[in-house]
Amino acid sequence: MQSILPGTAVPGAVGNEEEGTSEDKDAADEEEQERLEALREAEERRKEKHRKMEEEREKMRQEIRDKVGAP
């Protein structure tokens, strides 16, 4: 494929570049694994944040129940 700009490729363009090597594929696989791990970590942090927020909300609800005298 021929590049218009460095780092970009035009699909279907004819050029002398070889298709990805096994090193390129290994690097891409490793980057994908790192990306997926980062997504998992971000999701865990988000869930923990929301768990804490809900815990605080429940604490406030209980305080209101105690003041009002509701069961």
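The coordinates are above.
Residues numbered from 1 in each chain as written. Predicted model: local features only at pLDDT ≥ 70, side-chain atom pairs only at ≥ 80, totals over all residues. Heavy atoms only, no water.

*Asks:* Break down the overall build of the protein for me, with residues and values.
*Replies:* Each helix and strand in the protein was counted, giving 1 helix and 0 strands. When the accessible surface of the protein is totalled, it reaches about 6,700 Å², and 53% of it is carbon and sulfur. (Helix = DSSP H or I, 4+ residues; strand = E, 2+ residues; numbered from the N terminus. Areas by Shrake-Rupley, 256 points an atom, 1.4 Å probe, with all protein chains shown as cover.)

*Asks:* Explain helix H1 (residues 22–68) to me, using residue names and the numbers behind them.
*Replies:* Counted at 1.5 Å a residue, the expected span for H1 with its 47 residues is 69 Å, and the 68 Å between its end C-alpha atoms agrees. Directly beyond the C-terminal end of H1, a positive phi value near 90 degrees is found at Gly 69. (Expected span 1.5 Å × (residues − 1).)

*Asks:* Report on the pattern of salt bridges, specifying residues and quantitative values.
*Replies:* Tallied over the full model, the rule gives 10 salt bridges. The residue Glu 32 makes a salt bridge to Arg 35 at a minimum N-O spacing of 2.8 Å. Of this pair, Glu 32 and Arg 35 both sit in helix H1, 3 residues apart, which is roughly one turn of the helix. Judged by its relative accessible area of 33%, Glu 32 falls in the partly exposed class. The partly exposed category is assigned to Arg 35, whose relative accessible area is 43%. Through salt bridges with shared partners, a single network forms among Glu 54, Arg 57, Glu 58, Arg 61 and Arg 65. (Salt bridge = Lys/Arg side-chain N within 4 Å of Asp/Glu carboxyl O. Buried < 20%, exposed > 50% of the residue type's maximum accessible area, 1.4 Å probe, protein only.)

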